[in-house]
Amino acid sequence: MSLPYSPMVTAMIQSATLGGLANVLAQVISSYRTGSEVSIDWVPVFQFLLFNLISTPPNFIWQDFLESTFPAHPEPSHPKKSDTPPPPPKLSIRNTAIKLVLDQTVGAPLNTLLFSTFTHSLRAALHPAPRITSLFKAITFWTSSGTVDLTRVDFDTIWAASLDEFWPILIAGWKLWPAVALINFSAVKTVQGRNLVGSLAGVVWGIYMSLLSAQ
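Calculation notes
Along every chain, residues carry numbers that run from 1 in the direction the sequence is written. A pLDDT threshold of at least 70 governs which residues receive local features in this predicted model, and a stricter bar of 80 or more applies before side-chain atom pairs are shown or counted, although totals over entire chains, interfaces and linings include all residues. Think of the side-chain values as coming from all heavy atoms in the structure, minus any hydrogens and water. Put simply, a salt bridge is a Lys or Arg side-chain nitrogen that is within 4 Å of an Asp or Glu carboxyl oxygen. Secondary structure elements are defined from DSSP: runs of H or I of at least 4 residues count as helices, runs of E of at least 2 residues count as strands, and each element is numbered from the N terminus. Accessibility here uses a 1.4 Å probe with only protein chains present; expressed as a share of the type maximum, an area under 20% marks a residue as buried, one over 50% as exposed, and anything in between as partly exposed. By definition here, a helix of n residues has an expected span of 1.5 Å times n minus one. A residue's bend is given by the angle between axes fitted to the 7 residues ending at it and the 7 residues starting at it. Pairs of N or O atoms are called polar contacts if they sit within 3.5 Å, as long as, within protein, a hydrogen donor faces a hydrogen acceptor (for residues adjacent in sequence, only side-chain-to-side-chain pairs). The definitions used throughout rest on a 1 Å grid laid over the protein atoms alone, on which a cavity is an enclosed set of points accommodating a 1.4 Å probe that cannot get out and a pocket is an open set flanked by protein within 12 Å on both sides along at least five of seven lines; lining residues are those having an atom within 4 Å of a point. Grid points are joined across faces, edges and corners, and a volume is the space filled by probe spheres set on the points. Classification convention: Asp, Glu, Lys, Arg as charged; Ala, Val, Leu, Ile, Met, Phe, Trp, Tyr, Cys, Pro as nonpolar; all other residues, Gly among them, as polar.

A. Broad picture of the pattern of salt bridges. Enumeration over the complete set of coordinates arrives at two salt bridges. Measuring nitrogen to oxygen at the nearest pair gives 2.6 Å for the salt bridge that ties Glu67 to Lys99. Of this pair, Glu67 sits in helix α2 (residues 42–69) while Lys99 sits in helix α3 (residues 93–126), and the two are 32 residues apart along the sequence. A salt bridge links Arg194 to Glu67, with the nearest nitrogen and oxygen atoms 2.6 Å apart. Highlighted residues: Arg194 in helix α8 (residues 191–213) and Glu67 in helix α2, separated in sequence by 127 residues. Assessed through its relative accessible area of 3%, Arg194 is described here as buried. A network of salt bridges, in which partner residues are shared, links Glu67, Lys99 and Arg194.

Structure below.
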């Protein structure tokens, strides 16, 4: 009998799968817009899959920190003694508002910088990245030694490029993620559940970022 995955590992698998799916859908949309035949380039698909694997653990820890520090349904400080079961704790509007503000002013900017620096660094490390439409060949490419060469990366250039696109990406994200965060913090009780909701919303965001990254 196999052992169950930990919540974080489950979250990583979910996010990576949906991140890769988002890039596939973005390529389909791009082909539809240009009227060209749909042919999936698996190199950027693996790039988005890898990004989600890397970014999920710190985000999982961040969400766990927010919930443990500002619980959505805090227990009363001085519970009243009674023979009847106490009613479930009410949603804390204060804690929900604090989590929402922190998530969008601390978490969102850090995620934006993480995505930009990762994308530009990997693009430089892979340069020139081939177009591979065979899934098997793409797996071979990504698992071959020397595919990712960090000596090609000029981190000063990468940081400058990341800062240049920081505000456009962050502002675009504020059109989606505050609503997702509000639903998560007010209606979804577990960090695992919030990660799944975020990953599903991330499909839409991933399509946008894939189209932006391909420009």
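B. Spotlight on α2. Here α2 spans 41 Å end to end across 28 residues, near enough to the 40 Å set by a 1.5 Å rise per residue. Thr56 marks the point of greatest bend in α2, at about 35°, and the proline Pro57 comes within the next four residues. Where α2 begins, the capping side chain belongs to Asp41, and its oxygen is found 3.2 Å from the backbone nitrogen of Val43.

C. Spotlight on unusual backbone geometry. Omega for the bond connecting His127 with Pro128 falls within 30 degrees of zero, at -5°, which places this linkage in the cis form. Among the secondary structure elements, Pro128 is positioned in the loop between α3 and α4 (135–143).

D. Examining the layout of surface pockets more closely. Of the pockets and cavities examined, the largest pocket occupies roughly 580 Å³. When residues of the lining of the largest pocket are traced back to their parent elements, those giving at least two are α1 (7–34), α2, α3 and α8. Sorting elements by how many residues they give to the lining of the largest pocket places α1 first, with seven residues. Among the residues forming the lining of the largest pocket, the class breakdown is nine nonpolar, eleven polar and five charged.

E. View of empty space enclosed by the protein. Per the stated rule, a full pass over the model turns up one cavity of 30 Å³ or more. By volume, the largest cavity amounts to about 850 Å³. Asn59, Asn111, Trp177, Gly198 and Trp205 are, among the 38 residues lining the largest cavity, the residues nearest its centre. Counting residues per element, the lining of the largest cavity draws most heavily on α8, which supplies ten residues. Tallied by class, the residues present in the lining of the largest cavity amount to 18 nonpolar, 18 polar and two charged.

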